[in-house]
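# Per-entry structural report
Listed below are the residues making up each chain.
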Amino acid sequence: MKNPSQTSVSLQFLGAAGTVTGSKHLLKTPDMNILVDCGLFQGLKALREKNWQPFPFPPENIDVILLTHAHLDHTGYLPALIRNGFKGKIIMTPPTKSIAELILLDSAKLQEEDAEFANKRGFSKHHPALPLYTEDDVLKTLQMFTTLFEDEWHTLSDNIKFRFQRNGHILGASFIEMDCFGKRIVFSGDIGREHSPTLPPPDKPLKADFLVMESTYGNRLHPTMPATEQLAPIVNEALSSGGSILIPSFAIGRAQDLMALLTELEVTHRIPEVAVYLDTPMGRDATEIFYRNPHWHILDKGHISEISKNVRLVQKMKETTEVIRDRTPKIVIAASGMLTGGRVLHYLAHFLKDTRNTILMSGFQAAGTRGRALLEGAQEVKMYGQYHRVRCRIRELTTLSGHADQGELIRWAGDIKNTPEKVFLVHGEPDALDTFRVRLHDAYGWNVIVPELGQEEVLF
């Protein structure tokens, strides 16, 4: 636990610095080294390759990992870190544990499937192609999980304690307040919306001497139009032409929002009856997690049950093939949300070539992903070593983001009573980071810093 070589408290940004993915913030103290989040880099090839590089700090010297939430860009590197020597505890809220188990097992399975497919087709330059980690690595990781309840202070050492506070991004998502040698350090994690189809609004910090804050949408405001009003005409446009709709989506949170909205539209007759498929191995289990954690969301059991009855769950690859071969109009919700991998690519290869179809992007698309390329008007996309022509419609659902926009971010920080010594902006692309840096400084006069990847700052 003791770290005699460390005489100050410093913070090193090992991910999500200057980019949106790979969240890893390493707090080094005289008592211990604490890693907040441990995510995968996604998107641009140069970022993805960092997942394969040696970790920039000895994993065996990290004492504990705290997780803000379960998404892959905050948890997906855990099995690799453990494979390379981390032996401490991994602490999170109970819903985050349940969801992280699903996400990590799904991630390992997809990596193993993609490696097998690459070896079969021979399009990888690595011989053989290997997954970053396997399901066995994930099972070892799960044994190190520990859960603690939100809104309660928990002791890590004589000088360090912390608590989780709900922040409305996905089920179980929290920001972390840490009292460290007399200073309050706040890690925002991903901040959710003030108005969500399924989740209550985020709690807010009241004090922060140092604030590490996300800025995914620091340069924009979300539309105020209700999601159902934007979604209905997109669905009707595709169905009226005899086409189908593919909605790339995160399997947790976003998929449940979409199922709730589509069910509402069908029940109120704003869209015709249509087959809706959820194609992700974790879809069924995600609904059960909602059932088990009713105080974390605003849906009652009857609503969730109704949604589940209206949505058909696809679980085996054989069923995916059958849905693709069925030419009748349909709506398919499938992971991954940025088209970076998973079963959604099998649908994409078939949906792209039909002018009657629609690909509906339902969330943030990081630079370098297929989703971003489609939104920017790409005429072809590459999948499994082949290029596929884009002939279908590309639409975007802009009202359903799970991330707070600029105004919501400003308001989230606005209840902090003291003046933070330093505010670090992370988890954003360069324009969003710089725009929000100026906006936050103008609003409160704070000292706002945009750290570079690998940068280490002495706090005190």
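Our subject is the structure listed above.
Summary of the structure given here. Bear in mind that the values here come from a model prediction, so they are computed numbers and not experimental data. Residue positions are counted from 1 within each chain, in the order its sequence is given. Totals for whole chains, interfaces and linings use all residues, but because this is a predicted model, local features are given only for residues with pLDDT of at least 70 and pairs of side-chain atoms are given and counted only at 80 or more. Side-chain descriptors were evaluated using all non-hydrogen atoms of the structure, hydrogens and water having been removed beforehand.

Between two aromatic rings, the relevant description is the distance of the centres plus the angle of the planes. Aromatic pairs are defined between Phe, Tyr and Trp rings, using the six-membered ring for Trp, whenever the two ring centres lie within 6.5 Å; interplanar angles under 30 degrees are classed as stacked, those over 60 as edge-to-face, and all others as tilted. Here the structure, examined in full by the defined rule, presents 7 aromatic pairs. Centre to centre, the rings of phenylalanine 210 and phenylalanine 460 are 5.9 Å apart; their planes meet at 20°, and the pair counts as stacked. Separated by 250 residues along the polypeptide, phenylalanine 210 in strand β11 (residues 210-214) and phenylalanine 460 in the segment after β22 (456-458) bring together distant segments of the chain. In this description a helix means any DSSP run of H or I spanning at least four residues, a strand means any run of E spanning at least two, and both kinds are numbered starting from the N terminus.

We now examine a negative patch on the surface. The patch calculation keeps residues exceeding 30% relative accessible area without a salt bridge and links them within 9 Å when they carry like charges or within 5 Å when they are nonpolar (Val, Leu, Ile, Met, Phe, Trp, Tyr). In this description, accessible areas are obtained by the Shrake-Rupley approach with a 1.4 Å probe, and a residue is regarded as covered only by the protein chains that are shown. Throughout this description, the term salt bridge denotes a Lys or Arg side-chain nitrogen within 4 Å of a carboxyl oxygen of Asp or Glu. Residues counted as positive are Lys and Arg, residues counted as negative are Asp and Glu, and His and the chain ends are not counted. Every charge is mapped to an atom, namely NZ of Lys, CZ of Arg, CG of Asp or CD of Glu. Taken together, Glu113, Glu116, Glu135 and Asp136 make up a surface patch of like negative charges. For the negative patch, the elements supplying multiple residues, two or more each, are α4 (94-121) and α5 (135-142). Relative to the helices and strands, glutamate 116 is located in helix α4. Accessibility expressed as a relative area gives 53% for glutamate 116, which makes it exposed. Buried means the residue's accessible area, taken with a 1.4 Å probe over protein chains only, is under 20% of the maximum for its type, while exposed means over 50%, and partly exposed covers the values in between.

Across the sheet, 7 strands lie side by side as β7-β8-β9-β10-β11-β20-β21; this open sheet has mixed pairing. Here the strands that pair on one side only, and so sit at the sheet edges, are β7 (154-157) and β21 (448-449). By the bridge criterion, 7 bridges tie strand β8 (residues 160-166) to strand β9 (residues 174-180) in an arrangement that is antiparallel. From the neighbouring strand, phenylalanine 164 faces β9, where its bridge partner is isoleucine 176. A contact between two residues is defined here by any heavy atoms of the two lying within 4.5 Å. Every angle, taken between N-to-C directions, lies between 0 and 180 degrees, and every axis is a line fitted to C-alpha atoms, over only the stretch in contact when it is a helix. The sheet strands contacting helix α13 (residues 406-413) are β9, β10 (183-187) and β11, and the helix crosses β11 at an angle near 160°. Here helix α14 (residues 430-444) sits on the sheet in contact with β11, β20 (422-426) and β21, set at roughly 150° to β20. In this description, strands pair whenever DSSP reports at least two bridges between them.

Moving on: the side chain of serine 157. In this structure, serine 157 sits in strand β7. Serine 157 sits in the buried class, given a relative accessible area of 13%. Among residues more than four places away in sequence, those in contact with serine 157 are Met1, Asp31 and Met32.

Once that is clear, we can look at the nonpolar core. In this text, buried Ala, Val, Leu, Ile, Met, Phe, Trp, Tyr and Cys residues form a nonpolar core when linked through side-chain atoms within 4.5 Å. Residues Ile62, Ile65, Leu81 and Ile90 are the most contacted members of the largest nonpolar core, which totals 44 residues. Those elements that place two or more of their residues in this core are α3 (78-83), β5 (89-92), α4, α5 and α8 (283-292). Contacts of isoleucine 65, omitting those with residues within four sequence positions, involve Leu35, Leu78, Leu81, Phe86, Lys89, Ile90 and Ile91. Among the nonpolar cores identified, the runner-up in size contains 27 residues, and Leu239, Ile245, Leu258 and Met259 belong to it.

Moving on, we get to the pairing of strand β2 (residues 24-28). Among the 5 residues that make up β2, 5 are buried, leaving the element largely enclosed by the rest of the structure. Side-chain alternation along β2 places Lys24, Leu26 and Lys28 on one buried face and His25 and Leu27 on a second face that is also buried. One ladder, built from 5 bridges, connects strand β1 (residues 10-15) with β2; its direction is antiparallel. By the bridge assignment, glutamine 12 is partnered in β2 with leucine 26. Strand direction decides the pairing type here: β2 and strand β3 (residues 33-36), joined by 4 bridges, are antiparallel. Looking at the pairing, leucine 26 lines up with leucine 35 of β3. Between β2 and β3, which pair antiparallel one after the other, the connecting turn spans 4 residues.

What you see with strand β12 (residues 245-248) is no split at all: Ile245 and Ile247 on one side and Leu246 and Pro248 on the other are buried throughout. Two strands pair when backbone bridges link them, and β12 and strand β15 (residues 330-334) are joined in this way by 4 bridges, in the parallel orientation. Bridging across to β15, isoleucine 245 finds its partner in isoleucine 331. Pairing of β12 with strand β16 (residues 358-361) involves 2 bridges; the strand directions are parallel. Across the sheet, the residue bridging to isoleucine 245 is threonine 358, located in β16.

A complete count under the given rule lists 21 salt bridges for this structure. Here arginine 83 and aspartate 137 are joined by a salt bridge, their closest N and O atoms 2.5 Å apart. Of the two residues, arginine 83 sits in helix α3 while aspartate 137 sits in helix α5, which places them 54 residues apart along the sequence. Close ionic contact of arginine 395 with glutamate 237 constitutes a salt bridge, the shortest N to O distance being 3.0 Å. Of the two residues, arginine 395 sits in strand β19 (residues 393-396) while glutamate 237 sits in helix α6 (residues 227-240), which places them 158 residues apart along the sequence. Of the residues examined, arginine 395 reaches a relative accessible area of 29% and is grouped as partly exposed. The exposure class assigned to glutamate 237 is partly exposed, which follows from its relative accessible area of 26%.

Strand order in the open sheet formed by 7 strands is β6-β5-β4-β3-β2-β1-β22, and the pairing between neighbours is mixed. One side of each edge strand has no neighbouring strand; the edge strands of this open sheet are β6 (145-147) and β22. Taken over all neighbouring pairs, the strand axes of this sheet differ in orientation by 25° on average, direction set aside. Two strands pair when backbone bridges link them, and β5 and β6 are joined in this way by 3 bridges, in the parallel orientation. Note that in β6 the partner of isoleucine 91 across the bridge is threonine 146.

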